[in-house]
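Residue-level listing of the chains:
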Amino acid sequence: MTTADRSTAALAAELDAADPLAAHTSAFVRSDDVVAYLDGNSLGRPLAALPERFASFIADDWGTRLIRAWDEQWMRRPYALGDRIGALVGAAAGQAFVGDSTTVLLYKLVRAAVDAQLAADPARREIVIDDDNFPTDRYIVEGVAAERGLEIRWIAADPASGVTLEQVEAAVSERTALVLLSHVAYRSGFVADMAGITATAHAVGALALWDLCHSVGVIPAQLDACGVDLAVGCTYKYLNGGPGSPAFGYVAERLHGQLAQPIQGWMGAADVFAMGPRYEPAGDLRRFVSGTPPVLATVALEAMLELLEQVGIAAVREKSVALTDFAEAALAEHVLPHRVDGRHAVLASPPAGPHRGSHLTLTHPSFSAVNARLWEQGVIGDFRAPDGIRIGLSPLSTTFAEVELGIAALGEELRRAA
Ligand SMILES: *Cc1c(COP(=O)(O)O)cnc(C)c1O
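Residues numbered from 1 in each chain as written. Predicted model: local features only at pLDDT ≥ 70, side-chain atom pairs only at ≥ 80, totals over all residues. Heavy atoms only, no water.

(A) Structural context of the pairing of strand 8 (residues 248-251). Here strand 8 shows two buried faces, one formed by Phe 248 and Tyr 250 and the other by Gly 249 and Val 251. Summarising the sheet, strand 2 (residues 96-98) and strand 8 pair through three bridges and their orientation is antiparallel. Residue pairing across strands places Ala 96 opposite Tyr 250, the latter belonging to strand 8. Two strands pair when backbone bridges link them, and strand 7 (residues 230-233) and strand 8 are joined in this way by four bridges, in the antiparallel orientation. Residue pairing for strand 8: Val 232 is matched across the bridge by Gly 249. (Buried < 20%, exposed > 50% of the residue type's maximum accessible area, 1.4 Å probe, protein only. Helix = DSSP H or I, 4+ residues; strand = E, 2+ residues; numbered from the N terminus. Pairing = 2+ DSSP bridges.)

Structure follows, in structure tokens:
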């Protein structure tokens, strides 16, 4: 071990000892097989209390109350959970619900938005989105544009940073129906200017839809205060809802009467159990729901919301910043100095500050092979084609020591690739 190695390892130990949230890391399932989990931004770790939670759900709610539980609590559940997620992102109650996948919710809300805009003004035929947005966001926009005969105005985003206010200002016009961007870029971790971009969209009469997949549960947002129209987000990333747990949608209350979504099902009808001959949408948020809510798939999400409410999103963000700053220092120590095949790895994320989210991406041509070897050792970040390793820092479940071990192992594998 070099002196430098000792210094980042010692710093990690100091930071863990001083971390006011340290005790919560043991609230999650930890396995000896995992040396460092640096991918909580793709799939959060499970809470250790989940076996009890599921057992009680099956014995009591499902097994005992049986179908009575729909009236007693399950019909309200998508909205009750939506209100709690809404509180994490600055949304007053009655505007968020838990339902389909992020992909399906994007489809429903993009269609709802552009259809309302086209009805008001047939010349609003453009959707603004960036070319580095998450694939599903881009593919949904391509599909809706084809369905509705719309045009896509692509913003060329810097993959090491993200979409700027100036780029949005240059892209929007009175032809823009909708602007769809990610709050935090899935690749670089760049935090976009939600307030400024939303205001810029509104100034030309466009609607703004934000994808919060990489920010909800880790970075506070102010949807209501920013005047955001629509939003979606994952619950299996920083909300630890488990593989495939349903997404949430947000529709600002002022739009409830104006937007209609394309998958009109009985659960979104004005009177669900009237079993009426024709679809009549509910007057409130429920009109954006289609079918039976995925109750079982929200058990883990609810447990994580309780923990987040106990800790508070501001404290979570504080630890996220500390972990990310520490990861940057550990990369400077263990990884960046080494040249492999004539090249250093490059940090492709924003500098410390308000525009940096809770993950860092590092690029090097050898990383596909390096990441595969790290996974074999239980050092789990993720590889993002073509050459990025993403280091995700989920504050409540990640220790500084874990970050140090993982990044030291990355440095070692990179040197071995030489
Ligand atoms: C993870 C993620 C998604 C995932 O969508 P699914 O429908 O849950 O597969 C969508 N958008 C962004 C920005 C993401 O990070």
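(B) How the structure looks around the state of the cysteines. Under the defined criterion, the tally for this structure stands at zero disulfides. Of all cysteine sulfurs, the one in Cys 213 lies closest to Cys 234, which takes part in no disulfide; the gap is 3.1 Å. (Disulfide = S-S within 2.5 Å.)

(C) Highlighting helix 6 (residues 135-148). Compared with the 20 Å implied by 1.5 Å per residue over 14 residues, the 20 Å span of helix 6 between its first and last C-alpha is a close match. For helix 6, the set of buried residues is Thr 136, Asp 137, Arg 138, Ile 140, Val 141, Val 144 and Ala 145. Taken together, the buried residues of helix 6 touch helix 5 (102-120), strand 3 (126-130), strand 4 (151-155), strand 5 (176-182) and strand 6 (207-211). Following helix 6 by one or two positions, Gly 149 has its phi on the positive side, about 65 degrees. (Expected span 1.5 Å × (residues − 1). Contact = heavy atoms within 4.5 Å.)

(D) Spotlight on a nonpolar patch on the surface. There is a patch of nonpolar side chains on the surface, built from Ile 58, Trp 62, Leu 66, Ile 67 and Leu 296 and spanning about 530 Å² of accessible area. Tracing the backbone through its elements, the reader meets Leu 66 in the loop between helix 2 (50-62) and helix 3 (68-74). (Patch = residues over 30% accessible without salt bridge, like charges linked within 9 Å, V, L, I, M, F, W, Y side chains within 5 Å. Areas by Shrake-Rupley, 256 points an atom, 1.4 Å probe, with all protein chains shown as cover. Salt bridge = Lys/Arg side-chain N within 4 Å of Asp/Glu carboxyl O.)

(E) Structural view of empty space enclosed by the protein. All chains considered together, the criterion is met by five cavities of 30 Å³ or more. Roughly 140 Å³ of volume is contained in the largest cavity. Every residue lining the largest cavity is counted, 17 residues in all, and those nearest its centre are Asp 130, Gly 162, Val 163, Ser 182 and Ala 185. Per-class residue counts for the lining of the largest cavity are nine nonpolar, five polar and three charged. In this model, the second largest cavity occupies a volume close to 60 Å³. Every residue along the wall of the second largest cavity is listed here: Leu 38, Leu 374, Val 379, Gly 381, Ile 389, Arg 390, Ile 391, Gly 406, Ile 407 and Leu 410. (1 Å grid on protein atoms, 1.4 Å probe; cavity = no way out; pocket = protein on both sides within 12 Å on 5 of 7 lines; lining within 4 Å. Points joined across faces, edges and corners; volume = space filled by probe spheres on them. Nonpolar A, V, L, I, M, F, W, Y, C, P; charged D, E, K, R; others polar.)

(F) Main features of the site of the ligand. Close to the ligand lie 13 residues; Thr 103, Asp 211, His 214, Tyr 236 and Lys 237 are nearest. Here an oxygen atom of the ligand and a side-chain polar atom of His 214 are 2.9 Å apart. Tyr 236 places a side-chain nitrogen or oxygen 2.6 Å from an oxygen atom of the ligand. Starting from 390 Å² of accessible surface for the ligand in isolation, the protein chains cover 87%. In this structure, the ligand is accommodated by the second largest pocket. Elements with a contribution of two residues or more to the shell around the ligand: helix 5 and helix 6. A class-by-class count of the residues in the shell around the ligand yields four nonpolar, six polar and three charged. (Near = heavy atom within 4 Å. Polar contact = N/O pair within 3.5 Å; in protein donor to acceptor, adjacent residues only side chain to side chain. Sits in = over half its atoms within 2 Å of the grid points.)

(G) Up close: the domain arrangement of the chain. With domains assigned, the chain is organised as domain 1 (8-48 + 312-417) and domain 2 (73-307). One C-alpha centre belongs to domain 1, the other to domain 2; they are set 29 Å apart. Listed per partner, the contact involves 31 residues of domain 1 and 25 residues of domain 2. Summing the contributions of domain 1 and of domain 2, the shared interface buries around 2,300 Å²; its carbon and sulfur component is 62%. Contact with domain 2 buries surface across domain 1, with Ile 313, His 355 and His 359 losing the most and accounting together for 23% of the total. Inspection of the domain 1/domain 2 interface yields zero salt bridges. Joining domain 1 to domain 2, the criterion identifies 16 residue pairs in polar contact (both at pLDDT 80 or more). Those elements giving two or more residues to the side of domain 1 that touches domain 2 turn out to be helix 11 (313-334) and strand 12 (359-363). The dominant element in the side of domain 1 that touches domain 2, judged by the number of residues it contributes, is helix 11, at four residues. For the side of domain 1 that touches domain 2, the residue count by class is 13 nonpolar, 13 polar and five charged. (Domains from an automatic or database assignment. Buried area = accessible area lost by both parts, 1.4 Å probe.)

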